[in-house]
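Close look at the chain arrangement
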Amino acid sequence: MARDLLGCLLVSRLGGALTAGRIVEAEAYLGPEDAASHAAFRPSSHGLFYGRGGVAYVFLAYGMHACLNAIAGSPGTPGCVLVRALEPVDGAAVMARRRGLPPVAVGLTNGPAKLTEALGITLRQNGADLTRGRLTIERGPGGAGGIATGRRVGITRAADLALRFWIRGNRYVSRAASR
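All of the points below concern the structure found in this document. (Residues numbered from 1 in each chain as written. Predicted model: local features only at pLDDT ≥ 70, side-chain atom pairs only at ≥ 80, totals over all residues. Heavy atoms only, no water.)

Focus: the environment of Arg134
Filter applied, for reference: Counting from the N terminus, the helices are the DSSP runs of H or I reaching at least four residues and the strands are the DSSP runs of E reaching at least two. For every residue, the accessible area (1.4 Å probe, protein chains only) is compared with the maximum for its type, and the residue is labelled buried under 20%, exposed over 50%, or partly exposed between those bounds. Throughout, a residue-residue contact means that at least one pair of heavy atoms, one from each residue, lies within 4.5 Å.
Its location among the elements puts Arg134 in the loop between helix H5 (112-119) and strand E6 (135-138). On the basis of relative accessible area, Arg134 is assigned to the exposed category, the value being 52%. Between the alpha carbons of Arg134 and Leu14 there is a distance of 6.1 Å; along the sequence they are 120 residues apart. Excluding residues that lie within four positions of it along the chain, Arg134 makes contacts with Val11, Ser12, Arg13, Leu14 and Gly15.

Here's what the structure looks like:
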């Protein structure tokens with residue numbers, strides 16, 4: 001599913017503004033067999049992880065940065081996709097204001113915490129239905145182009161698994177050295 005989300009639009013109607021971005025980077029997290037997955041070491045996440053797909057799982061990284069995952073499994077089958085980076089499509093000025101940056105900044109949405117801040121996503125969206133409502137994932141305008149695969153970023157457990165996917169050559173991907 002992480003690969004399938006590339007090119008889709010993440011649309012936020014939060015905070016009285018419309019903001020949206022094309023998903024250009026995502027990471028897959030499996031069930032308890034994946035030592036880096038919250039299903040393996042965060043028992044409080046199990047309700048969402050084992051629920052139906054298409055639901056937001058928002059958690060705080062380092063206790064301070066909201067990160068957005070899309071639950072990807074069918075009921076009883078855990079797994080999620082971390083949305084790592086977006087290419088702004090709509091509302092860049094609002095995104096920039098939320099982040100205190102100029103609207104043309106490449107660093108506006110090139111990381112999981114950056115994009116949630118830019119789109120106004122907080123813990124309040126944990127459990128939200130991503131198929132309808134104020135925060136949605138929608139089909140994009142076309143194909144994602146060349147897709148690259150590599151190791152997930154910023155983890156120490158199961159770090160060797162190639163479960164990170166990104167659109168090759170896209171300047172909004174979070175880690176230039178990994179492209």
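Brief notes about the nonpolar core
In summary, soluble globular proteins display a tendency toward joint burial of nonpolar side chains. As a reminder of what qualifies: The term nonpolar core refers to a set of buried residues drawn from Ala, Val, Leu, Ile, Met, Phe, Trp, Tyr and Cys, joined through side-chain atoms within 4.5 Å.
Counting 36 residues, the largest nonpolar core has Leu10, Ile23, Leu68, Ile121 and Ile137 as the members making the most contacts within it. Not counting residues up to four positions away in its chain, the partners in contact with Leu68 are Leu10, Ala56, Tyr57, Val58, Val81, Leu82, Val83, Thr116, Ile121 and Leu135. Core analysis: the second largest hydrophobic core is formed by 10 residues, Tyr29, Phe49, Tyr57 and Leu82 among them.

Things to note about the environment of Val104
Here Val104 lies in the loop between helix H4 (92-99) and H5. Accessibility expressed as a relative area gives 70% for Val104, which makes it exposed. As a C-alpha pair, Val104 and Ala93 span 11 residues in sequence and 8.4 Å in three-dimensional space.

A word on H5
So the rule is basically this: The directions from the helix axis to the C-beta atoms form the arc being described.
Among all positions in H5, only Pro112, Leu115, Thr116, Ala118 and Leu119 are buried. Buried positions in H5, seen along its axis, are confined to an arc of 165 degrees and lie on one side of it. Where H5 is buried, its residues meet strand E1 (9-12), strand E2 (19-29), strand E4 (65-71), strand E5 (80-90) and H4. One or two positions beyond H5, positive phi appears at Gly120, with a value near 75 degrees.

Here's the deal with the environment of Ile121
Tracing the backbone shows Ile121 in the loop between H5 and E6. By relative accessible area, Ile121 is classed as buried at 3%.

Comments concerning the packing of H4 against H5
Using the following cut-off: Axis definition: a line fitted to C-alpha atoms, over the contacting stretch in the case of helices. Angles run 0 to 180 degrees between N-to-C directions. Between 65 and 115 degrees an angle is taken as roughly perpendicular, under 35 as roughly parallel, over 145 as roughly antiparallel, and anywhere else as oblique. By the definition used in this description, the sense in which the near helix is turned from the far one sets the handedness, with an anticlockwise turn below a right angle giving left-handed and a clockwise turn giving right-handed. Residue polarity is assigned by list, with Asp, Glu, Lys and Arg as charged and Ala, Val, Leu, Ile, Met, Phe, Trp, Tyr, Cys and Pro as nonpolar; anything else, Gly included, falls into the polar class.
Their axes nearest at 7 Å, the elements H4 and H5 cross at an angle of 110 degrees. One element, H4, and the other, H5, form an angle in the roughly perpendicular class. The handedness of the crossing between H4 and H5 is right-handed. In this structure, H4 contributes Met95, Arg98 and Arg99 to the contact, and H5 contributes Lys114, Glu117, Ala118 and Leu119. Partitioning the contact of H4 with H5 into residue classes produces three nonpolar, no polar and four charged.

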